[in-house]
Amino acid sequence: MKVMVIGSGGREHAICWGISKSSKVDKIYCAPGNAGISEIAENIDIKADDLNQLLSFALEEKIDFTIVGPEQPLSLGVVDLFQENNLLIFGPTQFASQLESSKEFSKLFMERNSIPTASFNSFTSYDEAESYVKKSELPIVIKADGLASGKGVRVCFERIEAIDFLKDIMLDKVFSSSGEKVVIESFLEGEEASFFIFSDGKNIQMLDSSQDHKRLLDKDEGPNTGGMGAYSPAPIIDMETRTNIVEMVVKPVFEGFKKEALIYTGILYIGLMIKDKKPSVVEFNCRFGDPETQPLLFRIDSDIFDLFYLTALGELDSYKLKWKNKTSVSVVLASKGYPMKPETGICIKNLDKVNLNDDQYIFHAGTSIKDNEVIINGGRVLNITASGDNLKEAINSAYKIIDMVDSSNLQYRKDIGAKGLLKNS
Ligand code: AMP
Ligand code: GLY
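Thresholds, definitions, all that
Residues numbered from 1 in each chain as written. Chains lettered and ligands numbered in written order. Predicted model: local features only at pLDDT ≥ 70, side-chain atom pairs only at ≥ 80, totals over all residues. Heavy atoms only, no water. Helix = DSSP H or I, 4+ residues; strand = E, 2+ residues; numbered from the N terminus. Rg over C-alpha atoms; globule rule 2.2 N^0.38 Å. Contact = heavy atoms within 4.5 Å. Areas by Shrake-Rupley, 256 points an atom, 1.4 Å probe, with all protein chains shown as cover. Lys, Arg positive; Asp, Glu negative; His and termini not counted. Charge placed at Lys NZ, Arg CZ, Asp CG, Glu CD. Near = heavy atom within 4 Å. Polar contact = N/O pair within 3.5 Å; in protein donor to acceptor, adjacent residues only side chain to side chain. Nonpolar A, V, L, I, M, F, W, Y, C, P; charged D, E, K, R; others polar. pLDDT = per-residue confidence, 0-100. Expected span 1.5 Å × (residues − 1). Bend = angle between axes of the 7 residues up to and from the residue. Buried < 20%, exposed > 50% of the residue type's maximum accessible area, 1.4 Å probe, protein only. Pairing = 2+ DSSP bridges. Axes fitted to C-alpha atoms, helices over the stretch in contact; angles between N-to-C directions. Parallel < 35°, antiparallel > 145°, perpendicular 65-115°, else oblique. 1 Å grid on protein atoms, 1.4 Å probe; cavity = no way out; pocket = protein on both sides within 12 Å on 5 of 7 lines; lining within 4 Å. Points joined across faces, edges and corners; volume = space filled by probe spheres on them.

Peer 1: Could you give an account of the overall build of the protein, naming the residues involved and the relevant values?
Peer 2: Each helix and strand counted, the protein has 13 helices and 24 strands in total. What you see for the protein is a C-alpha radius of gyration of 21 Å, in line with the 22 Å of a compact globule of 425 residues. Its C-alpha atoms give the protein principal-axis dimensions of about 60 × 50 × 45 Å. In the protein, 68% of the contacts between residues at least 6 apart in sequence involve partners at least 24 apart. Of the roughly 18,300 Å² that the protein leaves accessible, carbon and sulfur atoms contribute 46%. Computing the positive centroid from 48 side-chain charges and the negative centroid from 62, the protein places the two 3 Å apart.

Here it is in structure tokens:
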């Protein structure tokens, strides 16, 4: 089968790596891909949001199945477009992907279906938003309604910070039309974890837990990023917490879809805040998380291609998901200056000389090839991934790989997974 993967991050490298192991997959194309992906797939020079080019390529090359990695093409309607052209594609429709592309859409859905989440108000008028912030309790969370590459949310501990961010969004339009509306939420305390659920429109398959590390620096300090590392499973999700998540969130979400005739196919990413074993929803995303995908797919023992393919065919009930009895960790090596101003164009020397065993892998993100060397080409650059019989082993193994990599022009957290070790002890 000929498969196309859309995207260019660590998530897409992990998807290409996972599906490449299947005997059903003969050839993988990735649009646009990265340096690491080019070792297992043919990169095509088409941007992930160039829907017409993607469609022309898929029709010309007779692509049997397309998997969408990032949110932008989903929110632009790539699934609708491919389906109109009788092409099989994995992901939710443009309508369903509003669960990610409009914060207000997702909050209203949660409100209608009694799903626990922070209380909220939405505004299209700056003056009304400002006077609301002036009388609200702190901290307060300000969110641009639309997609903003992970930069559209600010947790504000000072009123002046909240007002400045409101001005950035609504008056200076730093997120252009994504900031025409803002959602202002109350602050949720607790610890974050995420759940990924495959849904074929009728059946669901919940993956194991994982936990991202959103802040740039150790001890969860510094600015928010796309994610600096992740591990799976997450010890914070014990049996009781998992049961609460299923009963309080997962069941009402999918019952809500049924009630509202919203057909959801693809992956639903549920971002949660957990306090006293009780979950509240922070956000929904309509795609796999990055970097959570890397440790999650690294632990799957059954055919990863089938998981995507059977979901798109509406036959997820026939899939038998099998996990390796391992813990996996992925540590992100980011460029200097990330997330504000990533320094790119610099070479990472001798990456191909790093010796890895079967429980270790380097998933690429912002990389390209120049003169046979790997070049830094984005904010998050490499995802150093390792499995072990327990979390400690996985962490040690991942950091041993980093010792072998030329990380002189990269930054990374030294404490990925450390929170999980505390929970285990
Ligand atoms: P979002 O894009 O909505 O997930 O927000 C990005 C990040 O902001 C989340 O991962 C949280 O760390 C933080 N955040 C968002 N909403 C809240 C909230 N209501 N309370 C506390 N933190 C939040
Ligand atoms: N790791 C967070 C995200 O993918 O949105």
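Let us keep going from here.
Peer 1: Pulling in residues and values, what's your account of the site of ligand 2?
Peer 2: For ligand 2, the full set of nearby residues is Asp212, Gly226, Tyr269, Asn285, Arg287, Gly289, Asp290, Pro291 and Glu292. Side-chain polar atom of Asp212 to a nitrogen atom of ligand 2: 2.7 Å apart, as the coordinates give it. Within the side chain of Glu292, one N or O atom sits 2.9 Å away from a nitrogen atom of ligand 2. Burial of ligand 2 by the protein chains amounts to 89% of its free accessible area of 200 Å². For the shell around ligand 2, the class distribution of residues is 2 nonpolar, 3 polar and 4 charged.

Peer 1: Describe the site of ligand 1, naming the residues involved and giving the relevant values.
Peer 2: In the vicinity of ligand 1, 15 residues are found, and the nearest of them are Lys143, Glu185, Leu188, Glu192 and Glu283. At a separation of 3.0 Å, an oxygen atom of ligand 1 approaches a polar side-chain atom of Lys103. Here a nitrogen atom of ligand 1 and a backbone polar atom of Ser186 are 3.0 Å apart. Its free accessible area being 470 Å², ligand 1 has 91% of it covered by the protein chains. Residue assignment for the shell around ligand 1 shows that the elements contributing at least two residues are strand 7 (140-144), strand 8 (153-156), strand 9 (182-186) and strand 17 (278-285).

Peer 1: So what's going on with the confidence of the model for the protein? Residues and values would help.
Peer 2: For the protein, the average pLDDT comes to 97, and 100% of its residues sit at 70 or higher. When mean pLDDT is taken per element in the protein, strand 4 (residues 65-68) scores highest with 99 and helix 13 (residues 418-424) scores lowest with 84.

Peer 1: Just give me the short version of helix 9 (residues 239-259), but keep the residues and values in it.
Peer 2: Its 21 residues place the ends of helix 9 28 Å apart at the C-alpha level, agreeing with the 30 Å of an ideal helix rising 1.5 Å per residue. The largest bend in helix 9 amounts to roughly 35° and is located at Val246. Taken together, the buried positions of helix 9 are occupied by Thr241, Asn244, Ile245, Val249, Val250, Pro252, Val253, Phe254, Gly256 and Phe257. Of the surrounding elements, those touching the buried residues of helix 9 are helix 5 (98-101), helix 6 (103-112), strand 10 (191-200), strand 11 (204-206), strand 16 (265-275) and strand 17. After helix 9 finishes, the residue Ala261 shows a positive phi value of roughly 55°.

Peer 1: Describe in detail the sheet that holds strand 17, supporting the description with residues and values.
Peer 2: Read from one edge of the open sheet, 4 strands run 11-10-16-17, paired in antiparallel fashion. One side of each edge strand has no neighbouring strand; the edge strands of this open sheet are strand 11 and strand 17. Strand-to-strand twist in this sheet, taken as the mean axis angle between neighbours without regard to direction, amounts to 30°. Strand direction decides the pairing type here: strand 16 and strand 17, joined by 7 bridges, are antiparallel. Within strand 17, the position partnered with Lys275 by the bridge is Lys278. Contacting strand 10, strand 11, strand 16 and strand 17, helix 9 crosses the sheet at an angle of about 135° to strand 16.

Peer 1: Describe the pairing of strand 4, with residues and values.
Peer 2: Judged by which residues are buried, strand 4 turns out to be covered on both faces: Phe65 and Ile67 on one side and Thr66 and Val68 on the other are all buried. Note that strand 1 (residues 2-7) and strand 4 share 4 bridges and pair parallel. By the bridge assignment for strand 4, Val5 is matched with Ile67. Note: strand 4 against strand 5 (residues 89-90), 2 bridges, orientation parallel. When the bridges of strand 5 are listed, Ile67 appears paired with Phe90.

Peer 1: Account for the packing of helix 1 (residues 10-20) against helix 11 (residues 304-313), with residues named and values stated.
Peer 2: Two elements in contact, helix 1 and helix 11, have axes whose closest approach is 6 Å; the angle formed by their N-to-C orientations is 100°. Overall, the two elements helix 1 and helix 11 adopt an arrangement that is roughly perpendicular. Where helix 1 approaches helix 11, its residues Ile15, Trp17, Gly18 and Ile19 are matched on the opposing element by Ile304, Phe305 and Phe308. Tallied by class, the residues present in the contact of helix 1 with helix 11 amount to 6 nonpolar, 1 polar and no charged.

Peer 1: Explain the environment of Asp301 to me, using residue names and the numbers behind them.
Peer 2: Mapped onto the fold, Asp301 is located in the loop between helix 10 (293-298) and helix 11. On the basis of relative accessible area, Asp301 is assigned to the partly exposed category, the value being 41%. As for Asp301 and Ala31, which are separated by 270 residues in sequence, their C-alpha atoms are 26 Å apart. In this structure, Asp301 is in contact with Lys322, Trp323 and Lys324, ignoring residues within four places of it in sequence.

Peer 1: I'd like a rundown of the layout of surface pockets, residues and numbers included.
Peer 2: Where empty space is left can be seen by rolling a probe of water-molecule size over the atoms. Size it by volume and the second largest pocket reaches roughly 380 Å³. Lining the second largest pocket are 19 residues, with Glu39, Leu351, Asp352, His364 and Val374 positioned closest to its centre. Elements represented by at least two residues in the lining of the second largest pocket include exactly strand 20 (360-364) and strand 22 (373-376). A per-element tally of the lining of the second largest pocket places strand 20 first, with 3 residues. Classifying every residue of the lining of the second largest pocket gives 9 nonpolar, 5 polar and 5 charged.

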